[in-house]
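# Secondary and tertiary structure notes
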Amino acid sequence: NAGVTQTPKFRILKIGQSMTLQCTQDMNHNYMYWYRQDPGMGLKLIYYSVGAGITDKGEVPNGYNVSRSTTEDFPLRLELAAPSQTSVYFCASSYRDALSNQPQHFGDGTRLSIL
Amino acid sequence: AQKVTQAQTEISVVEKEDVTLDCVYETRDTTYYLFWYKQPPSGELVFLIRRNSFDEQNEISGRYSWNFQKSTSSFNFTITASQVVDSAVYFCALSELGSDSNYQLIWGAGTKLIIKP
């Protein structure tokens with residue numbers, strides 16, 4: 001019963017470093033999402049994908065890149081880490097989009113600090 | 001403009017009290033879904049309920065109940081006889097049509113619920 005798996009759980013980066021947050025799901029979901037959650041705030045959509053090979057920007061895409069080469073994996077890349085990207089990152093997946101009767105399933109989150 | 005408003009940033013009650021979390025939304029869509037998610041201190045997000053815009057029946061699941069009123073654009077969540085394990089941040093979310101014709105979730109800022117023993 002893996003569901004949505006995110007790695008790493010915690011990471012500290014220096015300004016200007018790059019890293020990839022990994023996300024994989026084993027539910028054969030078409031839709032996958034990356035959100036960020038800043039302290040005391042709701043989730044903001046960074047990027048999403050409606051299927052392998054298709055990605056699109058969400059509300060706050062600047063500073064991030066994604067790829068979706070397989071149905072299972074949806075990595076999020078930070079190229080030049082900035083302090084403003086300190087946040088908790090959640091990956092989610094769903095079988096269909098948010099107007100369906102299928103809820104989004106979330107990973108446990110990655111807590112990222114940029115110092 | 002904020003699409004989903006959870007005006008209560010933090011609520012603190014004593015165990016066994018009833019508590020209602022408010023959610024007010026704004027949308028031009030005639031067809032939409034509303035959601036509640038729970039985020040316990042461990043951090044994961046747990047789906048609680050989904051309600052479509054055509055179904056205004058109230059729903060009850062154990063100690064949880066939801067009141068959906070289109071006339072006031074509200075989807076409030078009540079916990080009856082609260083327990084310490086209910087302590088969490090609760091998020092309300094609304095499905096919204098994106099520019100690519102896919103629906104996304106718009107999230108409220110969350111309400112932190114503290115249940116004191």
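What you are looking at is a predicted structure, and each value in this text was computed from that prediction instead of being measured.

All names here are of chain A. Strands sit in the order 1-3-8-7 across an open sheet of four strands; the sheet is antiparallel. What marks the edges here is a single partner per strand, and that holds for strand 1 (4–7) and strand 7 (64–66). Sheet twist, expressed as the mean angle between neighbouring strand axes with direction ignored, is 20°.

Moving on, we come to the packing of aromatic side chains. Any aromatic ring pair is given by two values, namely how distant the centres are and how the planes are angled relative to each other. Tallying each qualifying case throughout the model produces 21 aromatic pairs over all chains. For the pair Trp36(B) and Phe77(B), a centre-to-centre distance of 5.4 Å together with 50° between the ring planes defines the contact as tilted. Residue Trp36(B) is located in strand 5 (residues 33–39), and its partner Phe77(B) is located in strand 9 (residues 74–79); the two are separated by 41 residues in the primary sequence. Here Trp36(B) and Phe77(B) have matching classes, each one buried. When the centroid spacing of 6.0 Å and the interplanar angle of 85° are considered together, the rings of Tyr64(B) and Trp66(B) count as edge-to-face. The same class applies to Tyr64(B) and to Trp66(B), which are both buried. Pairwise contacts between aromatic rings join Tyr33(A), Tyr35(A), Phe90(A), Phe106(A), Tyr33(B), Phe35(B), Tyr37(B), Phe47(B), Phe91(B) and Trp107(B) into one cluster. The ring of Phe74(A) has Arg68(A) sitting right over it, with the charged end atom 6.0 Å from the ring centre.

If you walk through the whole model with that rule in mind, you get two disulfides over all chains. A sulfur-sulfur separation of 1.8 Å characterises the disulfide bridge that pairs Cys23(A) with Cys91(A). Looking down the S-S bond of the Cys23(A) and Cys91(A) bridge, the torsion is -75°, so its handedness is left-handed. Placement of the pair is Cys23(A) in strand 3 (residues 19–25) and Cys91(A) in strand 9 (residues 87–94), with a sequence separation of 68 residues. Here Cys23(A) and Cys91(A) have matching classes, each one buried. Note that Cys23(B) is cross-linked by a disulfide to Cys92(B), the S-S spacing being 1.9 Å.

Going through the model one piece at a time under the given rule, you end up with seven salt bridges over all chains. Lys9(A) is paired through a salt bridge with Asp108(A); the nearest N and O atoms lie 3.8 Å apart. Note that Lys9(A) is positioned in the loop between strand 1 and strand 2 (10–13) and Asp108(A) in the loop between strand 10 (105–106) and strand 11 (110–114), a separation of 99 residues in sequence. Taking relative accessible area as the criterion, Lys9(A) reaches 48% and is therefore assigned partly exposed. For the salt bridge of Glu59(B) with Arg51(B), the shortest nitrogen-to-oxygen distance reads 2.3 Å. By relative accessible area, which is 30% here, Glu59(B) ends up partly exposed. Here the salt bridges do not stand alone but share partners, grouping Arg51(B), Asp55(B) and Glu59(B) into one network.

The rules behind each value
Residues numbered from 1 in each chain as written. Chains lettered and ligands numbered in written order. Predicted model: local features only at pLDDT ≥ 70, side-chain atom pairs only at ≥ 80, totals over all residues. Heavy atoms only, no water. Pairing = 2+ DSSP bridges. Helix = DSSP H or I, 4+ residues; strand = E, 2+ residues; numbered from the N terminus. Axes fitted to C-alpha atoms, helices over the stretch in contact; angles between N-to-C directions. Phe/Tyr/Trp six-rings, centres within 6.5 Å; stacked < 30°, edge-to-face > 60°. Buried < 20%, exposed > 50% of the residue type's maximum accessible area, 1.4 Å probe, protein only. Lys NZ or Arg CZ within 6 Å of the ring centre and 35° of its normal. Disulfide = S-S within 2.5 Å. Salt bridge = Lys/Arg side-chain N within 4 Å of Asp/Glu carboxyl O.

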